[in-house]
Amino acid sequence: MRKLTSDPDRMSYCYVCGKPIRATQRHIRRKVKTGQHETRAYLRGSAGSVSTYYGMRLVCRSCANRIDRLGLRRELVHHFGPLLAMLALLLLARFLFSGI
C-alpha cells in the first residue's frame, strides 16, 4: 500500500493542464474525464455504444475553479432550462396570437 506523506521533493502535476503543484500547496481533487471507448457495428446496422470513464484526479486551483463553474452551469441549465423553454413558448404564442 502506498504511503500518503507530503514529500517536499516530489512534485505533483495538474491532470488537466499539466501545471506543477508543489507539495506545500493544498491538493485539490476533482472528478475529470479519464477516457472514452467507442464500439461501432457497421455491418449489423446498429449505432454501437460509447463508454466514458471518469476518475478523481489532482488539479490546480484554476482548473478546479473552471470545473466547478462548468458543473454549476450544467446544473442551472438542467433545473431551469425546461422552465425557460416553456416561458419562451408562452411568449412566442402570445406574440403570434395577439393580433387575432
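Our subject is the structure listed above.
To start, this report covers the structure provided alongside it. Model, not experiment: these values are computed from the prediction.

Within the chain, the regular secondary structure consists of 1 helix and 4 strands. A sequence separation of at least 24 residues applies to 44% of the contacts in the chain between residues at least 6 apart. Of the roughly 9,100 Å² of accessible surface on the chain, a fraction of 59% belongs to carbon and sulfur atoms.

Here the focus is the side chain of serine 12. Following the sequence through the fold, serine 12 ends up in strand β1 (residues 12-13). Accessibility expressed as a relative area gives 18% for serine 12, which makes it buried. Non-local contacts of serine 12, meaning those with residues more than four positions away in its chain, are made with Lys19, Pro20, Ile21, His27 and Leu58.

On to the pattern of salt bridges, then. All chains considered together, the criterion is met by 1 salt bridge. A salt bridge links arginine 30 to aspartate 68; its shortest N-O distance comes to 2.9 Å. Taken together, the residues span a long stretch of sequence, with arginine 30 in strand β3 (residues 28-41) and aspartate 68 in helix α1 (residues 61-97) at a distance of 38 residues.

Let's shift gears to the packing of aromatic side chains. As enumerated under the stated definition, the model contains 0 aromatic pairs in all. Against the face of tyrosine 15 rests arginine 57, its NZ or CZ located 5.6 Å from the ring centre.

Moving on, we get to the nonpolar core. Counting residues in hydrophobic clusters, the biggest one holds 8 residues: Cys14, Ile21, Ile28, Val32, Val59, Cys60, Cys63 and Ala64. Those elements that provide at least two residues to this core are β3 and α1.

By the secondary structure assignment, arginine 29 is in strand β3. Once the C-alpha coordinates of arginine 29 and alanine 64 are considered, the two residues, 35 residues apart in sequence, prove to be 7.8 Å apart. The residues contacting arginine 29, other than those within four sequence positions of it, are Met56, Arg57 and Leu58.

Next up on the list: a nonpolar patch on the surface. Together, Leu72, Leu76, Phe80, Leu83, Leu84, Met86, Leu87 and Leu91 make up an exposed nonpolar region whose accessible area comes to about 820 Å². Within the secondary structure, leucine 91 is located in helix α1. Since its relative accessible area comes to 52%, leucine 91 is described here as exposed.

This part covers α1. The terminal C-alpha atoms of α1, which comprises 37 residues, lie 52 Å apart, in line with the 54 Å expected from a rise of 1.5 Å per residue. At phenylalanine 80, α1 shows its maximal kink, close to 50 degrees; a proline, proline 82, follows between one and four residues later.

Okay, the state of the cysteines next. Evaluation of the coordinates by the stated rule reveals 0 disulfides. Left unpaired, cysteine 17 is separated from the closest cysteine sulfur, that of cysteine 14, by 3.7 Å. The closest cysteine sulfur to the non-disulfide-bonded cysteine 60 is located on cysteine 63, 3.5 Å from its own sulfur. Taking the relative accessible area as the measure of exposure, cysteine 60 reaches 5% and is therefore buried.

Analysis parameters
- In every chain, residue numbers begin from 1 and rise along the written sequence.
- The predicted nature of this model means local features are confined to residues of pLDDT at least 70 and side-chain atom pairs, given and counted, to a pLDDT of 80 or more, with totals for whole chains, interfaces and linings taken over all residues.
- Excluded from the side-chain calculations are hydrogens and water; all other atoms, namely the structure's heavy atoms, are used.
- Only runs of H or I of at least four residues qualify as helices and only runs of E of at least two qualify as strands under DSSP, and these elements are numbered from the N terminus.
- Contacts are assigned to residue pairs that have any heavy atoms within 4.5 Å of one another.
- We get accessible surface area from the Shrake-Rupley algorithm with a probe of 1.4 Å; when it comes to residues, only the shown protein chains can shield them.
- Classification of residues uses two cut-offs on accessible area relative to the type maximum, computed with a 1.4 Å probe and protein chains only: under 20% is buried, over 50% is exposed, and between them is partly exposed.
- In the sections that follow, a salt bridge refers to a side-chain nitrogen of Lys or Arg positioned within 4 Å of a carboxyl oxygen of Asp or Glu.
- By convention, a stacked pair of Phe, Tyr or Trp rings (six-membered ring in the case of Trp) has centres within 6.5 Å and planes under 30 degrees apart, an edge-to-face pair has planes over 60 apart, and any other such pair is tilted.
- Ring-over charges, as used throughout, are those where CZ of Arg or NZ of Lys falls within 6 Å of the ring centre and within 35 degrees of the ring normal.
- Put simply, a nonpolar core is a bunch of buried Ala, Val, Leu, Ile, Met, Phe, Trp, Tyr and Cys residues held in one set by side-chain atoms that sit within 4.5 Å of each other.
- Here the term patch refers to residues with relative accessible area over 30% and no salt bridge, with like charges joined within 9 Å and nonpolar side chains (Val, Leu, Ile, Met, Phe, Trp, Tyr) within 5 Å.
- Take the residue count of a helix, subtract one, and multiply by 1.5 Å to get its expected span.
- The angle between axes fitted to the seven residues ending at a residue and the seven residues starting there is what we call the bend at that residue.
- Cysteine sulfur atoms that pair up within 2.5 Å are treated as a disulfide.

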